[in-house]
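# Per-entry structural report
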Amino acid sequence: MIQWAIRRVLQGVLVLGFVISLTFFLIRLAPGGPFDRDRNLPAEVQEKLLETYHLDQPVFQQYTNYLGRILHGDLGPSFIRSDRSVNQLIEAGVWITFELGVYALFYAMVIGLTLGIWAGTHEGTWQDRLAMGMSLLGMGLPSFLLGPLLVWIFGMKLGWVPVSGWDSPASKILPVITLGSVYASYLARLMRTGIVETQREDYIRTARAKGLSEGAILIGHTLRTALIPVMNFLGPAAAALLSGSFVVETLFQIPGLGRFYVQAAFNRDYTMILGTTVFLSVLVVTFNMLSDFLQMAMNPRIRLQEGGDLS
Amino acid sequence: MKRLEVRGLQIGFQTDQGWIPAVRDLSFDLGVGEILGIAGESGSGKSALALALMGLLPSNTQVRGKVLFQGGDLLQNNAESWRKIRGSKMAMIFQDPMSSLHPYLRIGDQIIEPLLIHGLANPKQAREQALACLAEMGISDPKTMLQQYPHECSGGMRQRAVIAMAVLAKPDLLIADEPTTALDVTTQREVLIWMQKWIRASGASLVFISHDVGVLSEMADQLMVMYLGQGVERGSLVEVLKRPHHPYTDGLLRSLPAMQDRNAKHFYSLAGHVPPGGSIPSGCSFHPRCPAVQDLCRTTEQMLEINQERWTACMRAKEGSWKSS
Ligand SMILES: Nc1ncnc2c1ncn2[C@@H]1O[C@H](COP(=O)(O)OP(=O)(O)OP(=O)(O)O)[C@@H](O)[C@H]1O
Ligand SMILES: [Mg+2]
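Before going into details, it helps to say that this report is about the structure given with it. (Residues numbered from 1 in each chain as written. Chains lettered and ligands numbered in written order. Predicted model: local features only at pLDDT ≥ 70, side-chain atom pairs only at ≥ 80, totals over all residues. Heavy atoms only, no water.)

### Digging into the overall build of chain B
Along the backbone of chain B there are 10 helices and 12 strands. Over its C-alpha atoms, taken along the principal directions, chain B stretches across nearly 65 × 50 × 40 Å. Across the 325 residues that make up chain B, the buried fraction comes to 53%. Pairs at least 24 residues apart make up 64% of the contacts formed inside chain B by residues separated by at least 6 positions. If the 33 positive side-chain charges of chain B are averaged to one point and the 32 negative ones to another, these points end up 2 Å apart. (Helix = DSSP H or I, 4+ residues; strand = E, 2+ residues; numbered from the N terminus. Buried < 20%, exposed > 50% of the residue type's maximum accessible area, 1.4 Å probe, protein only. Contact = heavy atoms within 4.5 Å. Lys, Arg positive; Asp, Glu negative; His and termini not counted. Charge placed at Lys NZ, Arg CZ, Asp CG, Glu CD.)

Structure, rendered in structure tokens:
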């Protein structure tokens, strides 16, 4: 099992290395540099700038320098906002992004699991069809459509909540719903399928033969099995929620990481783009790893297989 | 004294092809402390009967008739009354111990659950009872076993776990649906002997279902043979083995390995097959396969009842003449 854990961590490191390298070279392949946008800088200033940021060195040397620095957790200075380092910029935005992601995940779990359990325990009835219809809608509606729709209805027509920003609790409602709905829908579906499939198992009949009430069967026996696919999805979902809020942050003008990232991309702020990518890749890889470990802890059959494969 | 009285039980499954009758007009009694063996080929409705007795049939099922147990008709039970008697007054041992145990729960927790939910013991007492019961059944290290998950145990251990789970609450009625088919012969014997001992000691009654008449002949006091959802013969084990009244029973007995004539060139086996689900022949439903069929058998059926414990669905049994033909 330890062997498996080590292998899993190494795998993660490898993925990170690949993503970082790929991003590094892709950005430099893209036409244009950070200092040649419509600025009309004098030639010597331009050269001076390139020198300060070591952009005059061969690309490969830039690459090794960069790798060396991020091993120490230093993501370098921002090219555009020269007064701040990338680390500082990420720190400024990341907490808001985190907050948004955590609320959205919480919202997705409460709504998704409730709907899924409700549908699964009412398999084949109108309750089931209603819940699954809602979930289908949630999955089919991308956030760049759902967001404006919600803003239009609840922000503008009804005027219940602010249409942008991230300060009062009310201002956080629409972004959270916009970001979380797709995941709520997925979770509802996973939960329902898990319950429906588990309910057909012989051991649920055994539980009934013991004289357990339907509620006790659901909590003590059915969910034990049915939650496993849900848990497996939570890791990737958490990672995606924390890193995937660019659209929502831009839509609602939330000063989170996503907005910096989009700005950085427009400005060709190499280190900012790279830094954010590194940061998010670390997050995604870590969450996926955690989710695998969680899966391991929940499933005794996998837990006991020495080095069991978790694909 | 009666423990269980089944009267005119009908069970039908709703399927895409319409209603499939699984049990047809079945009536029988089970005495206190008695072991009733139920025999019959695959598809004769044995499992459907067992599940009906426990109220565990799926929702696409229609059940009619009466099942009298401890002064009430089980078929009138609501969810709450079922919940109260299942696992405490009546319990079931399922066929496949692997699939009927929860894969992600420890064996110990699964075994003691009936005791806990019916308030028959606190966790500590329940654990001790489980340990004692497993040890008595010949588990060498019951303590470890309680901590294990089903996949860590052998088939024999799992089967004992399933049995312990059913008997710990000391039910009055135990229903076992092919409890040992998954086991090797030696383990099967041990388990059966233990179950028989337990029934004798506890005074509980047992419905023991098996397609293996050989196993039943070692276990049962009474034997009932089912064919296409009907009881075709019922009597004390000795009586039925010695003098089967129904040609189907006769065929089942003659196809037992122990009954085969050593000098015969071929094994005896029943001719023909059980008709596919739902199609019930007219008259006596066994007539297409019956070696002693007469014209009357194709159109009419008749129950011959010597007394409540001895009956047969073969109208020719009284003459005893089918045996010579
Ligand atoms: N859930 C179900 N839905 C539809 N038909 C069913 C269902 N369960 C059983 N049947 C049908 O009911 C009839 C009796 O089945 P049952 O399982 O009771 O037979 P059995 O005697 O237990 O056979 P076996 O020895 O194979 O266990 C069969 O024709 C079977 O196809
Ligand atoms: Mg069966």
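So that's the structure; there's more coming.
### Things to note about the packing of aromatic side chains
Counting across every chain of the model gives 15 aromatic pairs over all chains. Centroid distance Trp4(A) to Phe293(A): 5.3 Å. Interplanar angle 90 degrees. Geometry classified as edge-to-face. Note that Trp4(A) is positioned in helix H1 (residues 2–29) and Phe293(A) in helix H12 (residues 270–298), a separation of 289 residues in sequence. Given the relative accessible area of 4%, Trp4(A) is considered buried. With a centroid separation of 5.1 Å and 85 degrees between ring planes, the pair formed by Tyr227(B) and Phe286(B) is classed as edge-to-face. Taken together, the positions of Tyr227(B) in strand S9 (residues 222–227) and Phe286(B) in the loop between helix H10 (247–254) and strand S11 (304–307) put the pair 59 residues apart, joining distant regions of the chain. Of the two residues, Tyr227(B) and Phe286(B), both sit in the buried class. An aromatic cluster is present here, built from Phe24(A), Phe25(A), Phe60(A), Tyr63(A) and Tyr66(A) joined pairwise through their rings. (Phe/Tyr/Trp six-rings, centres within 6.5 Å; stacked < 30°, edge-to-face > 60°.)

### Details of the sheet that holds strand S7 (residues 173–177) of chain B
All names here are of chain B. One open sheet holds the eight strands; their spatial order is S6-S7-S8-S3-S9-S10-S12-S11, and the pairing between them is mixed. For this open sheet the edge positions go to strand S6 (90–93) and S11, each flanked by a neighbour on one side alone. When strand polarity is set aside, the average angle formed by the axes of neighbouring strands in this sheet is 15 degrees. Where strand S10 (residues 230–236) lies against strand S12 (residues 310–312), two bridges are found, and the strand directions are antiparallel. Each bridged residue has a counterpart across the sheet, and for Glu 233 the counterpart in S12 is Thr 312. Contacting S6 and S7, helix H6 (residues 155–167) runs over the sheet at an angle of about 170 degrees to S6. Contacts from H10 reach S9 and S10, with the element oriented near 105 degrees to S9. (Pairing = 2+ DSSP bridges. Axes fitted to C-alpha atoms, helices over the stretch in contact; angles between N-to-C directions.)

### Re the nonpolar core
All names here are of chain B. Grouped together as the largest cluster of nonpolar side chains are 66 residues, with contacts concentrated most on Ile 111, Leu 174, Met 195, Leu 206 and Phe 208. The dominant element in this core, judged by the number of residues it contributes, is H6, at seven residues. Among the nonpolar cores identified, the runner-up in size contains 36 residues, and Ile 38, Trp 82, Ile 175 and Trp 311 belong to it. (Core = buried A, V, L, I, M, F, W, Y, C linked by side-chain atoms within 4.5 Å.)

### Considerations on the pairing of strand S3 (residues 35–39) of chain B
Residues and elements named next belong to chain B. For S3, the buried fraction is high: five of the five residues fall into the buried class. Taking every second residue as pointing to the same face, both faces of S3 are buried, with Ile 35, Gly 37 and Ala 39 on one and Leu 36 and Ile 38 on the other. Examined bridge by bridge, S3 and strand S8 (residues 205–209) share four bridges and lie parallel to one another. Bridging from a neighbouring strand, Leu 36 pairs with Val 207 of S8. Pairing between S3 and S9: four bridges, direction parallel. Within S9, the residue paired with Ala 39 across the bridge is Val 225.

### Looking at the site of ligand 1
Residue and element names in this part refer to chain B. Ser 42, Gly 43, Lys 46, Ser 47 and Ala 48 are the nearest of the 13 residues found near ligand 1. One of the backbone nitrogen or oxygen atoms of Gly 45 is found 3.1 Å away from an oxygen atom of ligand 1. Within the complex, 68% of the 640 Å² of free accessible area of ligand 1 lies under protein. Taken together, the elements giving at least two residues each to the shell around ligand 1 come down to strand S1 (2–15) and helix H1 (46–54). Broken down by element, the residue count for the shell around ligand 1 peaks at three residues, all from H1. Residue composition of the shell around ligand 1, by class: three nonpolar, seven polar and three charged. (Near = heavy atom within 4 Å. Polar contact = N/O pair within 3.5 Å; in protein donor to acceptor, adjacent residues only side chain to side chain. Areas by Shrake-Rupley, 256 points an atom, 1.4 Å probe, with all protein chains shown as cover. Nonpolar A, V, L, I, M, F, W, Y, C, P; charged D, E, K, R; others polar.)

### Quick look at the environment of Leu113(A)
Residues and elements named next belong to chain A. Note on placement: Leu 113 falls in helix H4 (residues 86–121). Overall, Leu 113 belongs to the buried group, its relative accessible area being 18%. Through-space distance from the C-alpha of Leu 113 to that of Val 278 is 32 Å; in sequence the pair is 165 residues apart.

### Re a negative patch on the surface
On the surface, Glu44(A), Glu47(A), Glu51(A) and Asp56(A) cluster together into a negatively charged patch. Counting through the fold element by element, Glu51(A) comes out in helix H2 (residues 43–52). (Patch = residues over 30% accessible without salt bridge, like charges linked within 9 Å, V, L, I, M, F, W, Y side chains within 5 Å. Salt bridge = Lys/Arg side-chain N within 4 Å of Asp/Glu carboxyl O.)

### Considering a nonpolar patch on the surface
Taken together, Val9(A), Val13(A), Leu290(A) and Phe293(A) make up a surface patch of nonpolar side chains, about 330 Å² in accessible area. Elements represented by at least two residues in the nonpolar patch include exactly H1 and H12 of chain A.

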